Amino acid sequence: GTTHGVQSMSGAVFDVAVIGYGPAGATLANLLGQYGLSVLVLEREADIYPLPRAIHFDGEVMRVFETAGLRREVEAISRPGLKGTYFNNAAGETMLIRAGTSERGPHGCANNHYFHQPELEAVLRNGLRRYPCVQVRTRHEVTFIEDGSEHAILHVKDLQDGSAYAVQTRYVIGCDGARSLARKAIGTSMLDLGLHQDWLVFDVRLKTEVPGLADHSVQHCDPARPMTFV
């Protein structure tokens, strides 16, 4: 577990507490840090999840990274998606091509970028070191959110030593994923469309060149066994 932030804020009332330190939480903390707000980021895991999950963002998202002052760093670990996506049927025949482009969109950025999520998260986390007003606590899990009369009160467990403490904050923002405690606290519902299927994700790091490997994304539109290749 780590804690960084030049200023000691124990016992203080934070402007914003961000639950979750994935791409959404880290991006938000960078944007809030620019305004000099006192921000506390709480994350139960010790480090960045090491495997790829999200793989693509568009030009509007690059504008968000640019607003956070991190465009150059994000461009260094991503690549524009120039080759597009092919939609093939079960026989392998191409039915549709969603073409890529090297042109910049109206937002001044390439329209598609591919990336390795652990590298992107590292860029976002390093960006927070610019802001002494932002404090990050990993291995700290929020167990309960209390809506106080003046402030929200977060009940937090330090997973390193098992101790518990409370934090006061003006605003709480949940960036804590699918099993979100914040979502439960505000009573939001989720519409289940009934797609309950197992998927196998197979990540490969190539040691040699592979002849014939597609340089574009492929959606295999086989009803019996749909697949995505990137």
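Residues numbered from 1 in each chain as written. Predicted model: local features only at pLDDT ≥ 70, side-chain atom pairs only at ≥ 80, totals over all residues. Heavy atoms only, no water.

A. How the structure looks around the nonpolar core. One finds Val18, Val41, Phe65, Val74, Leu128 and Val134 to be the most contacted residues of the largest nonpolar core, which totals 26 residues. For this core, the secondary structure elements donating two or more residues are strand S2 (13–19), helix H1 (23–33), strand S3 (39–43), helix H2 (59–67), helix H4 (117–127) and strand S9 (134–138). Counting residues per element, this core draws most heavily on H1, at 4 residues. In this structure, Leu40, Ile145, Leu154 and Ala182 belong to the second largest nonpolar core, which totals 11 residues. (Core = buried A, V, L, I, M, F, W, Y, C linked by side-chain atoms within 4.5 Å. Buried < 20%, exposed > 50% of the residue type's maximum accessible area, 1.4 Å probe, protein only. Helix = DSSP H or I, 4+ residues; strand = E, 2+ residues; numbered from the N terminus.)

B. Spotlight on a nonpolar patch on the surface. On the surface, a cluster of nonpolar side chains totalling about 650 Å² of accessible area is made up of Leu200, Phe202, Val204, Leu206, Val210 and Leu213. Along the chain, Leu213 falls in the loop between helix H5 (181–186) and strand S13 (217–220). We classify Leu213 as partly exposed; its relative accessible area is 42%. (Patch = residues over 30% accessible without salt bridge, like charges linked within 9 Å, V, L, I, M, F, W, Y side chains within 5 Å. Areas by Shrake-Rupley, 256 points an atom, 1.4 Å probe, with all protein chains shown as cover. Salt bridge = Lys/Arg side-chain N within 4 Å of Asp/Glu carboxyl O.)

C. Looking closely at the pairing of S3. Burial analysis of S3 places 5 of its 5 residues in the buried class, which makes it a mostly covered element. The alternating pattern of S3 places Val39, Val41 and Glu43 and Leu40 and Leu42 on opposite faces, both of which are buried. As defined by bridge partners, S3 adjoins S9 across 5 bridges and the pair is classed as parallel. Looking at the pairing, Val41 lines up with Val136 of S9. (Pairing = 2+ DSSP bridges.)

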